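Coordinate inspection notes
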Amino acid sequence: MKETKDRNRIPRHIAIIMDGNGRWAKKKGAMRIFGHRHAIQAVKDAIEGAEDLGVEYLTLFSFSTENWSRPQDEINGLMELLVKTITDEVPMMMKNNIRLLSIGDVDSLPPSAYSKLKEAKETTSTNTGLQVILALSYSGQWELTQATKRIAQKISEGKLKPSEITQQVMADHLDTAGIPDPELMIRTSGEFRLSNFLLWQLAYTELYFSPVLWPDFRKEHLNAAVSDFQSRERRFGMTGEQVKS
Ligand code: IPE
Ligand code: IPE
Ligand code: MG
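All figures in this text were calculated on a predicted structure; none of them were measured in a lab.

One way to put it is that helix α2 (residues 32–53) packs onto helix α7 (residues 219–230) with a least axis distance of 8 Å and a crossing angle of 50°. Relative to α7, the element α2 lies oblique. Handedness of the α2/α7 crossing: right-handed. Every residue of α7 that contacts α2 at Asp45, Ala46, Glu48, Gly49, Ala50, Asp52 and Leu53 is listed here: Lys219, Leu222, Asn223 and Val226. The class makeup of the residues in the contact of α2 with α7 is five nonpolar, two polar and four charged.

Think of a pair of aromatic rings as described by two things: how far the centres are apart, and how the planes are tilted against each other in angle. According to the stated counting rule, one finds eight aromatic pairs in the structure shown. When the ring of phenylalanine 192 is compared with that of phenylalanine 209, the centres are 5.0 Å apart and the planes differ by 55°; the resulting orientation is tilted. Taken together, the residues phenylalanine 192 in the loop between β5 (184–187) and β6 (206–209) and phenylalanine 209 in strand β6 connect sequence positions 17 residues apart. A relative accessible area of 27% means that phenylalanine 209 is categorised as partly exposed.

What follows covers the site of ligand 2. Taken together, Ile17, Met18, Asp19, Phe61, Ser62, Phe63, Asn67, Arg70, Arg187, Arg193 and Ser195 are the residues near ligand 2. Side-chain polar atom of aspartate 19 to an oxygen atom of ligand 2: 3.2 Å apart, as the coordinates give it. Arginine 193 has a polar side-chain atom sitting 2.8 Å from an oxygen atom of ligand 2. Within the complex, the protein chains bury 78% of what would otherwise be the 390 Å² of accessible surface of ligand 2. The cavity that encloses ligand 2 is the largest pocket.

Before going further, it helps to examine a nonpolar patch on the surface. On the surface, Tyr204, Phe236 and Met238 cluster together into a nonpolar patch covering about 320 Å² of accessible area. Along the polypeptide, tyrosine 204 turns up in the loop between β5 and β6. In this structure tyrosine 204 comes out as partly exposed when scored by relative accessible area, which is 47%.

Moving on, we come to the site of ligand 1. Taken together, Met18, Asp19, Gly20, Asn21, Gly22, Arg23, Arg32, His36, Ser62, Asn67, Arg70 and Leu78 make up all the residues around ligand 1. Between an oxygen atom of ligand 1 and a main-chain N or O atom of asparagine 21, the distance comes to 3.1 Å. For ligand 1, an oxygen atom lies 2.8 Å from a polar atom in the side chain of arginine 32. Relative to its free-state accessible area of 380 Å², ligand 1 is covered by the protein chains to the extent of 86%. A majority-of-atoms criterion places ligand 1 in the largest pocket. Sort the elements by how many residues they give to the shell around ligand 1 and helix α1 (residues 21–27) lands first, with three residues.

This paragraph deals with the environment of alanine 177. Structurally, the position occupied by alanine 177 is in the loop between α6 (167–172) and β5. Taking C-alpha positions, alanine 177 is 16 Å from isoleucine 14, a pair spaced 163 residues apart along the chain. If we ignore the near neighbours within four places in the chain, the residues touching alanine 177 are Ala171 and Asp172.

The rules behind the values
- Residues numbered from 1 in each chain as written.
- Chains lettered and ligands numbered in written order.
- Predicted model: local features only at pLDDT ≥ 70, side-chain atom pairs only at ≥ 80, totals over all residues.
- Heavy atoms only, no water.
- Axes fitted to C-alpha atoms, helices over the stretch in contact; angles between N-to-C directions.
- Helix = DSSP H or I, 4+ residues; strand = E, 2+ residues; numbered from the N terminus.
- Parallel < 35°, antiparallel > 145°, perpendicular 65-115°, else oblique.
- Left-handed = near helix turned anticlockwise from the far one by under 90°.
- Contact = heavy atoms within 4.5 Å.
- Nonpolar A, V, L, I, M, F, W, Y, C, P; charged D, E, K, R; others polar.
- Phe/Tyr/Trp six-rings, centres within 6.5 Å; stacked < 30°, edge-to-face > 60°.
- Buried < 20%, exposed > 50% of the residue type's maximum accessible area, 1.4 Å probe, protein only.
- Near = heavy atom within 4 Å.
- Polar contact = N/O pair within 3.5 Å; in protein donor to acceptor, adjacent residues only side chain to side chain.
- Areas by Shrake-Rupley, 256 points an atom, 1.4 Å probe, with all protein chains shown as cover.
- 1 Å grid on protein atoms, 1.4 Å probe; cavity = no way out; pocket = protein on both sides within 12 Å on 5 of 7 lines; lining within 4 Å.
- Sits in = over half its atoms within 2 Å of the grid points.
- Patch = residues over 30% accessible without salt bridge, like charges linked within 9 Å, V, L, I, M, F, W, Y side chains within 5 Å.
- Salt bridge = Lys/Arg side-chain N within 4 Å of Asp/Glu carboxyl O.

This is the structure:
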């Protein structure tokens, strides 16, 4: 493994927009689903790489709210792949003390995917190692809308006053409640946009864009992203002098 510069400055939470499966398949003259199948090895590599680095949370954008607009065949293929991968990987997660979590509108997943996911989350719920968070049927705007509904409900029941809504209250009503914001967000495939990912949580995240198509993404690419992260100065609105002192 290529050593990163500073083992003490490893991000606690890395979020990844795993993009480029379709283009990877097209380059090989294959169907898009072929790219999605080859994405699984990259997911396994990212998990192993995150574990090696000592990352605590890894959020993987797996299926967006907007992805429901894709051709039905592709959606079906992705959902089947989700069920198969979860089924295949639960023993690995148990062996490596990995906990599986999810964010997003999982109720909208097909019943087979919903129940497999639920089962895997329950099976791994007491694991204390890396937390792998799958963003499924997820979008930041959906999540913020949900949070607003939950808060509005509490206000209508008299459990919360409008004046008591703080940034912390907002954060506590998101799907990611209790999870620290990512310090590093990686997007593969050379696209420079957020595509509705973690809009609240990425407020101060360092962004890293890689030209690598997701099925080709390996530990060395993750390590390169973390090395790049370590060369950044995170200022949080302060001056460079303030953060150095
Ligand atoms: C990312 O790869 C996987 C999902 C969005 C589910 P894409 O399928 O978006 O691949 P490209 O962007 O078309 O190459
Ligand atoms: C973002 O990728 C969603 C996931 C990686 C799951 P997309 O491929 O859907 O994003 P756009 O449509 O190119 O912005
Ligand atoms: Mg894409």
